[in-house]
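Each chain, letter by letter, is given below.
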Amino acid sequence: MDGQHELILIVDYGSQYTQLIARRIRESRVFCRIVPPQELTSALLREIRPKGLVLSGGPASVYQQGAPLPPVDIFEAGVPVLGICYGMQAMAHRLGGTVSRAAKREYGKAPVRVREADGLFKDVKTDSVSWMSHGDSVVTPPAGFVVSAKTTNTVSAAIADPKRRLYGLQFHPEVAHTEEGGKILKNFLFGICGCAGEWTMTSFIDETIEAIRRRVGQAHVVLGLSGGVDSSVAAALLHRAIAKQLTCIFVDNGLLRQGERSQVEETFGRHFQMDLRVVDAAERFLARLAGVTDPEEKRKRIGEQFIREFEAEAKRIPRVKFLAQGTLYPDVIESVSAWGGPSATIKTHHNVGGLPKEMRLSLVEPLRDLFKDEVREVGRLLGIPEEVLHRHPFPGPGLAVRILGEVTEERLRMVREADARVEEEIRRAGLYRKLWQAFAVLLPVKTVGVMGDERTYEHVIAVRAVTSLDAMTADWAKLPPEALERIANRIINEVKGVNRVVYDISSKPPATIEWE
């Protein structure tokens, strides 16, 4: 897509806000792509011809050993550059400026005063609030630069070399707490880089359909349809492009939410009239999970069994040359460490891994350039029902990772019924669209209770509800007490085998959204 759109290139130096930079740029209808520092070269700039370059913040100091630094020659390539926080310091350091440990660190909100109102600060208030997060500062800007803004503690809160179109901000314009951040970014995109802002989801659909048709030709494509937003939108987009050359395979592993299979069959088999193959494999998955309690082992076995089921069904389809996946841009970004080193594995990714090599299928990933909100917009334009588009995310291993301990039919029944009550009451309270996820977890403990004047010793359900923009971080949701009360009462009274409900009030980090 780089050759079809004006492009802003973002270099990720490890900032927690890098994806937020991309989202803010996309919101201005300008296409952008994130790359790790080791990919930034003048040759890359010549090849993809970006309209501008953004150097993100990051945890490093420019003087520490192994710190990622941009090549000096990119600043002479004629491409406008905006360095943010560490990105500004790295640019200043490489061009001969001085960066040192600040006498006073700045974290949080800080008043910023604009000294030079042209270029980056056009029509920006002289005094406003910015969001700071830094320990180092630019003490002496490089030759050719002027200081365009300052704060009480930071003399060089912003620097600029308008002749070479090089700009630096010590604060974070992408964060909502920076009052004039949106204006500043738009000044860079439109005033300095000369972007037109013509990238829309409608244009994305048209161009992607043409790209799919060129790549696939007359061959056949198979897609593993889970019923989630990503695979559903990928299926609809591929069906619009190649119609009968697409076969969707839905593997019912017995680990699904209540009503999931019937919803998939109704939406894609009947509404879209796709070639949908449903594989009933619940017994085989349960057999693979018998006696397994370790969460990573569960994921491994579920992934392996899915591959077996998918492979067996796919081999029945003639002329298959491509495998389609609903990979999103955050998945792509997270697969590459910002510094190019190995990333720690927190848990195996929810998406099932690659298929056996003997299948020799080429990948088609039509959504790999999009964020989740953009995917939902594509789905809306393609006519996917709202109840599918806004269904809460669901892990690939399904309810197996919402059962702590062994997965059995009886334990699946309890967590599935409890989960349905959580969803029903969240919807009843008008909270469903306000939450990123809300679900039930079956804990591996029993507790004493009293029901009908009799002692009980039964299972515990934990309720988890979080708010988030992109699942990278999440806050526990402050649900109204009356909604929590209804959820607890219904689960205890209607789900046989449960006598206690608890609520999870941990955020991500340090916890993850899912329990396993």
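Given the structure is predicted, the values throughout are model-derived calculations rather than measurements.

Conventions adopted
Residues numbered from 1 in each chain as written. Predicted model: local features only at pLDDT ≥ 70, side-chain atom pairs only at ≥ 80, totals over all residues. Heavy atoms only, no water. pLDDT = per-residue confidence, 0-100. Contact = heavy atoms within 4.5 Å. Buried < 20%, exposed > 50% of the residue type's maximum accessible area, 1.4 Å probe, protein only. Helix = DSSP H or I, 4+ residues; strand = E, 2+ residues; numbered from the N terminus. 1 Å grid on protein atoms, 1.4 Å probe; cavity = no way out; pocket = protein on both sides within 12 Å on 5 of 7 lines; lining within 4 Å. Points joined across faces, edges and corners; volume = space filled by probe spheres on them. Nonpolar A, V, L, I, M, F, W, Y, C, P; charged D, E, K, R; others polar. Expected span 1.5 Å × (residues − 1). Pairing = 2+ DSSP bridges. Axes fitted to C-alpha atoms, helices over the stretch in contact; angles between N-to-C directions. Polar contact = N/O pair within 3.5 Å; in protein donor to acceptor, adjacent residues only side chain to side chain.

**What about the confidence of the model for the chain?**
Close reading of the predicted structure is inappropriate where its pLDDT is low. Per-residue confidence for the chain averages 89 on the pLDDT scale, and 92% of its residues sit at or above 70. Residue range residues 337–355 is modelled with pLDDT below 50. Its contacts to residues more than four positions away, or to other chains, number 42 contacts.

**Concerning the pairing of strand 2 (residues 31–35)**
For strand 2, the buried fraction is high: 5 of the 5 residues fall into the buried class. Of the two faces of strand 2, the one carrying Phe31, Arg33 and Val35 and the one carrying Cys32 and Ile34 are both buried.

**Thoughts on empty space enclosed by the protein**
All told, the structure shown has 2 cavities of 30 Å³ or more when counted by the stated rule. If you go around the largest cavity, the residues you meet are Arg257, His392, Pro393, Arg402, Asp419, Glu423, Tyr432, Ala438 and Phe439. Residue assignment for the lining of the largest cavity shows that the elements contributing at least two residues are helix 13 (409–428) and strand 15 (437–451). Taken together, the residues that form the lining of the largest cavity break down as 4 nonpolar, 1 polar and 4 charged. Considered as a void within the structure, the second largest cavity measures approximately 40 Å³ in volume. Taken together, Val112, Val114, Phe121, Val124, Lys125, Ser128, Val129, Ser130, Phe171, Thr178, Glu180 and Ile184 make up the full set of residues lining the second largest cavity. Of all the secondary structure elements, the ones that give two or more residues to the lining of the second largest cavity are strand 5 (98–114) and strand 6 (127–140). When residues in the lining of the second largest cavity are grouped by element, the largest group, 3 residues, is from strand 6. Residue composition of the lining of the second largest cavity, by class: 7 nonpolar, 3 polar and 2 charged.

**As for the environment of Arg215**
Following the sequence through the fold, Arg215 ends up in helix 5 (residues 201–216). Between the C-alpha atoms of Arg215 and Phe322, which are 107 residues apart in sequence, the distance is 9.7 Å. If sequence neighbours within four positions are ignored, Arg215 has contacts with Phe322, Ser362, Leu363 and Val364.

**Here's the deal with helix 4 (residues 181–192)**
Turn by turn, an α-helix covers 3.6 residues, leaving residues three or four places apart pointing in a common direction. The end-to-end C-alpha distance of helix 4 is 15 Å, a good match for the 16 Å that 12 residues give at a rise of 1.5 Å each. Next to the buried residues of helix 4 lie strand 1 (7–11), helix 1 (18–27), strand 3 (52–55), strand 4 (81–84) and strand 9 (166–169). One or two positions beyond helix 4, positive phi appears at Gly194, with a value near 75°.

**Description of the sheet that holds strand 14 (residues 362–364)**
Ordered by their spatial adjacency, 5 strands build an open sheet running 12-11-10-13-14, and the pairing between neighbours is parallel. What marks the edges here is a single partner per strand, and that holds for strand 12 (275–280) and strand 14. Put simply, the sheet's adjacent strands are angled 30° from each other on average, direction ignored. Where strand 10 (residues 220–224) lies against strand 11 (residues 246–252), 4 bridges are found, and the strand directions are parallel. Each residue of the ladder has a partner; that of Gly224, found in strand 11, is Ile249.

**So, the environment of Glu210**
Within the element layout of this structure, Glu210 appears in helix 5. Considering only alpha carbons, one finds Glu210 and Gly14, 196 residues apart in sequence, at a separation of 35 Å. Side-chain polar atoms of Glu210 contact the side chain of Arg213, separated by 3.3 Å.

**A short note on unusual backbone geometry**
Each neighbour pair has its own omega, and for Lys508 with Pro509 the value is -15°, a cis peptide bond. Checked against the element boundaries, Pro509 lands in the segment after strand 18 (498–503). In this structure, Pro510 follows Pro509 across a cis peptide bond, with omega equal to 15°. Structurally, the position occupied by Pro510 is in the segment after strand 18. The backbone of Arg29 sits at a positive phi, close to 65°, despite the residue not being glycine. Its place among the elements puts Arg29 in the loop between helix 1 and strand 2. Exposure remark for Arg29: the relative accessible area of 44% places this residue in the partly exposed category. Here Arg165, not a glycine, exhibits a phi torsion of approximately 55°, which is positive. When its relative accessible area of 31% is taken as the criterion, Arg165 is described as partly exposed.

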